[in-house]
Structures are given as C-alpha cells and as structure tokens.
Amino acid sequence: MAERQRTQSGDDPFAGLNIDSHESLENIKDRSFCPKCHASRKYFCYTCIIPMPEVASSLPTVSLPVHIDIIKHPREIDGKSTAVHAAIIAPNDVTIYTYPDIPQFEDKAKVLLVYPTDNAVTLKDLVKMESSPTNGAAHSESHITDTGLPPQPKRTKYAGIEGQSTEGVRQFERVVFIDSTWNQSNQIFRDERLQDLQCVILKTKKTHFWRTQPDKPDTYLATIEAIYYFTLEYHQEVVATNYQGQYDNLLYFFSFMYKLVQKSTAETEGLSKEEKQVRHRRRTETTTLEAQLRRQKESPEASTDLSVLIVN
C-alpha cells in the first residue's frame with residue numbers, strides 16, 4: 001500500500017486525514033482505454049466501475065462496517081458522480097444500482113436510508129432509541145423542519161431491532177444512499193420499495209465539492225462525502241471503538257480531484273472569460289486528438305481522418 005500523507009496546510013480541508021499518497025495518480029499523464037468497455041478513461045472507468053490498470057495495484061482499499069447500496073438517478077451523469085469513488089475503493093462493501101433498479105431488502109428493520117425527512121434521526125439518537133427500555137419511544141433532538149425539499153410522506157416510526165446490543169455489533173446490515181441532485185432525489189425517495197425504511201440524517205458538514213448545486217447551501221454534500229461522514233458516525237456510534245482513520249481513504253479520489261481543481265482555478269485566476277474558454281477548448285482538443293491517436297495505434301482498422309478533430 002502506498003505511503004500515507006498528512007498534509008499540514010491550513011488551506012487543505014483534508015489535512016490530518018489518513019489518505020494514501022496520490023503519487024500513482026499524479027504520474028498518469030495520458031488517458032487510456034478501459035479493458036472492459038474500451039472507452040477513454042484516465043484513473044478509473046466510471047461506466048464499468050473499475051480502476052484503470054495503470055493505477056489498480058497502487059490504489060488503497062477500505063473495508064466498511066456496513067454494506068452500502070447506492071441508488072443512482074438515471075439522469076445523473078456517470079462521469080460527474082462521486083458515488084463510483086466508494087465502489088472502487090470499497091468494492092466488497094458498495095453496490096451501485098441505477099433507478100428503477102433497487103435492491104431487495106429481506107429485513108427492512110436492518111436497513112437505513114440516509115435522507116433528510118421530517119422524522120429522520122441522527123445515528124446518535126437512533127442508538128439511544130435502540131438501548132432505551134421503551135425501544136423507540138425517544139425523540140430525536142435533531143428534528144428537521146426545513147430540508148429545502150418538497151413535502152415528504154410520513155414514515156413508520158422505527159421500532160428497533162430486538163435483542164441487539166449497540167456495543168461493537170453490526171446493528172444494521174445495509175445503508176442506502178440516493179445519488180442524484182436534490183431535485184431528482186424525491187422521485188427515488190417516494191418509491192414504494194423504500195417505504196418503511198428508517199431515515200437518518202448526518203451532522204451538518206460543509207461540502208468541498210467543486211460542482212455546487214444552484215441555490216443550495218454549502219451543507220449539501222457530494223455523495224462520497226455523505227458516505228464518508230456517515231461511515232465515520234456509524235463507527236463512532238454503533239461500532240463504538242477507537243477510530244484510527246481506517247475509512248479516510250474513501251476520500252482518496254475526491255481529495256485528489258479537489259486539489260486538481262484548486263490548482264486549475266489558481267492557474268486561470270485573472271484570465272478573462274474569453275481566455276478561459278480558449279484555454280479549455282485547446283485542452284479538450286488536445287485530449288480528443290491524443291485519444292484518437294492511441295485508438296488508431298491499438299486498432300488500425302478503426303482509422304479516422306484526424307483533421308476533423310482539429311478546431312481552428
């Protein structure tokens with residue numbers, strides 16, 4: 001496994017986390033072809049959900065305390081979604097479904113849905129409810145009244161899992177996340193197959209996602225951020241053992257791309273809109289041309305007139 005890095009910069013939101021070195025990613029200069037679908041990719045194929053061969057052996061892997069199911073809206077663009085980060089870093093514990101495909105839950109009492117409904121509770125409050133003699137009669141102190149979403153259907157109050165202790169026990173078998181914009185998520189949330197799931201909310205965190213949603217506060221997290229913070233809270237509240245950074249690598253790709261975006265932003269600071277557009281166009285043209293050249297080299301029969309790829 002690659003040597004871990006602990007950045008101390010005050011401007012780095014990931015400083016102090018146990019995230020492996022990004023050296024193998026930094027050494028990748030060109031795109032290559034996915035060995036399964038043959039699409040042009042750089043670090044991983046977000047279609048096949050596999051790392052590219054050039055970095056596969058150096059990527060960290062994470063073992064999660066509970067299985068995570070991600071339900072992706074069909075209009076969510078694969079290349080812009082961060083859900084795939086979790087599936088690549090924790091391949092044995094993360095499954096991605098594209099709606100209307102939804103996993104079957106044998107026992108809904110052992111499944112959580114991370115979604116901010118009016119009667120959602122924090123994990124901390126849920127653990128209190130589990131250990132309470134009334135087993136579910138307690139109310140959450142973090143009751144949400146303004147989610148910024150359309151009115152949600154009332155959910156059945158969670159009755160708890162009988163006969164289980166909270167100490168070091170995997171109290172739940174699966175956790176569901178919805179991967180979409182907030183405006184799209186309501187369609188999935190209202191699906192009858194997700195009814196009767198206990199909804200949980202995360203403690204308020206500030207996003208570091210570079211693709212912010214219009215008119216949404218900076219507490220609306222990217223999917224991989226939500227997965228990371230949930231797993232952290234789950235470990236603290238349910239697993240209840242000392243946390244030693246074992247899930248920090250969930251943010252491996254996210255932290256790397258964040259730094260790339262910050263670097264690019266700094267390099268273009270002061271440029272006019274037109275200059276930025278020219279810079280972006282040239283970079284896109286170069287990437288497209290390089291990909292076509294590699295494709296021709298690997299598959300001469302797929303030859304194409306490269307002149308059509310060059311925009312004056």
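In this report, we go over the structure that sits alongside the text. Residue numbers here run from 1 along each chain, matching the order of that chain's written sequence. Note on the predicted model: pLDDT of at least 70 is required for a residue's local features to be given, and 80 or more for side-chain atom pairs to be given and counted; whole-chain, interface and lining totals, by contrast, use all residues. By convention in this description, side-chain values take in all heavy atoms of the structure and omit both hydrogens and water.

**Topic: the overall build of the chain**
Helix and strand definitions here come from DSSP, where helices need a minimum of 4 consecutive H or I residues and strands a minimum of 2 consecutive E residues; each element is numbered from the N-terminal end. The helix and strand inventory of the chain stands at eight helices and twelve strands. Any two residues whose heavy atoms approach within 4.5 Å at even a single point are treated as in contact. Nonlocal contacts in the chain, meaning residues at least 24 apart in sequence, comprise 72% of its contacts between residues at least 6 apart. Note on areas: Shrake-Rupley, 1.4 Å probe, and residue coverage restricted to the protein chains presented here. Total accessible area computed for the chain in this model is approximately 16900 Å², and 48% of it derives from carbon and sulfur atoms.

**Looking at the environment of Asp196**
Looking at the secondary structure, you find Asp196 in the loop between α5 (182-189) and β12 (198-201). Each residue is assigned to one of three classes by its accessible area relative to the maximum for its type, calculated with a 1.4 Å probe on protein chains only: buried under 20%, partly exposed between the two thresholds, exposed over 50%. Overall, Asp196 belongs to the partly exposed group, its relative accessible area being 46%. The sequence separation of Asp196 and Ala109 amounts to 87 residues, and the corresponding C-alpha distance is 8.3 Å.

**A few points about the sheet that holds strand β9 (residues 111-114)**
With respect to topology, six strands assemble into an open sheet ordered β8-β7-β11-β9-β12-β10, the strand pairing being parallel. Sheet topology places β8 (94-98) and β10 (121-122) at the edges, where each strand pairs with a single neighbour. The pairing criterion is simple: DSSP has to find at least two bridges between the two strands. Pairing of β9 with strand β11 (residues 174-179), which is carried by three bridges, proceeds in the parallel orientation. Looking at the pairing, Leu112 lines up with Val175 of β11.

**Observations regarding the packing of aromatic side chains**
Here a Phe, Tyr or Trp ring, Trp counted by its six-membered ring, pairs with any other such ring whose centre lies within 6.5 Å, and the pair is stacked when the planes are under 30 degrees apart, edge-to-face when over 60, and tilted otherwise. Counted under the stated rule, the structure contains eleven aromatic pairs. Relative to Phe253, the ring of Phe44 lies with its centre 4.9 Å away and its plane at 70°, an arrangement referred to as edge-to-face. Here the residue Phe44 occupies a position in strand β5 (residues 44-45), and Phe253 occupies one in helix α7 (residues 252-268), the gap between them amounting to 209 residues. Considered together, Phe44 and Phe253 belong to a single accessibility category, that of buried residues. Seen from their ring centres, Tyr252 and Phe253 are 5.5 Å apart, and the 75° between their planes marks the pair as edge-to-face. Phe253 carries the same exposure label as Tyr252, and that label is buried. Connected via pairs of aromatic rings, a cluster forms that spans Phe14, Phe209, Phe254 and Tyr258. Two conditions define a charge sitting above a ring: the NZ of Lys or the CZ of Arg must be within 6 Å of the ring centre, and it must be within 35 degrees of the ring normal. The ring centre of Tyr46 lies 3.9 Å from the NZ or CZ of Arg41, which sits over that ring.

**A short note on empty space enclosed by the protein**
Here the term cavity refers to a set of points on a 1 Å grid, laid over the protein atoms alone, in which a 1.4 Å probe fits but cannot get out; the term pocket refers to an open set having protein on both sides within 12 Å along at least five of seven lines, with lining residues being those that place an atom within 4 Å of a point. Grid points are joined across faces, edges and corners, and a volume is the space filled by probe spheres set on the points. Counted according to the given criterion, the structure contains two cavities of 30 Å³ or more. As a volume, the second largest cavity reaches approximately 30 Å³. Together, Phe14, His208, Glu225, Tyr228, Tyr229, Leu251 and Phe254 line the second largest cavity. In terms of residue count, the dominant contributor to the lining of the second largest cavity is helix α6 (residues 223-239) (three residues).

**What to know about the pattern of salt bridges**
A carboxyl oxygen of Asp or Glu within 4 Å of a side-chain nitrogen of Lys or Arg is what we treat as a salt bridge. Using the criterion set out here, one finds five salt bridges in the structure. The salt bridge partner of Glu173 is Lys110, with a shortest N-O separation of 3.7 Å. On the criterion of sequence distance, the pair formed by Glu173 in the loop between α4 (123-131) and β11 and Lys110 in the loop between β8 and β9 is long-range, its members being 63 residues apart. Residue class for Glu173 comes out partly exposed when judged on its relative accessible area of 47%. In this structure Lys110 comes out as partly exposed when scored by relative accessible area, which is 23%.

**Quick look at a positive patch on the surface**
Patch rule: a residue counts if its relative accessible area is over 30% and it has no salt bridge; like charges are joined within 9 Å, and nonpolar side chains (Val, Leu, Ile, Met, Phe, Trp, Tyr) within 5 Å. The convention is simple: Lys and Arg are positive, Asp and Glu are negative, and His and the chain ends are not counted. The location of each charge is read from NZ of Lys, CZ of Arg, CG of Asp or CD of Glu. A cluster of basic side chains, namely Lys124, Lys128, Lys203 and Lys205, defines a positive patch on the protein surface. The class for Lys205 is partly exposed, based on a relative accessible area of 32%.

**Details of the nonpolar core**
A general trend in soluble globular proteins is that nonpolar side chains are found buried together. Among buried residues, the Ala, Val, Leu, Ile, Met, Phe, Trp, Tyr and Cys ones that are joined through side-chain atoms within 4.5 Å form a nonpolar core. Counting residues in each nonpolar core, the largest one holds 55 residues, and the members touching the most others are Phe230 and Phe253. Elements that contribute at least two residues to this core include exactly β7 (67-72), α3 (83-89), β9, α4, β11, α6 and α7. Considering every element that reaches this core, the biggest residue donor is α6, with ten residues. Once residues lying within four places of it in the same chain are set aside, the contact partners of Phe253 are Leu25, Tyr43, Phe44, Leu59, His85, Ile88 and Ile89. In terms of nonpolar packing, the next biggest core, distinct from the first, is built from 18 residues, Tyr115, Val176, Ile178 and Leu197 among them.

**Considerations on the environment of Asn186**
Within the secondary structure, Asn186 sits in helix α5. With 71 residues separating them in the primary sequence, Asn186 and Tyr115 have C-alpha atoms 9.9 Å apart.

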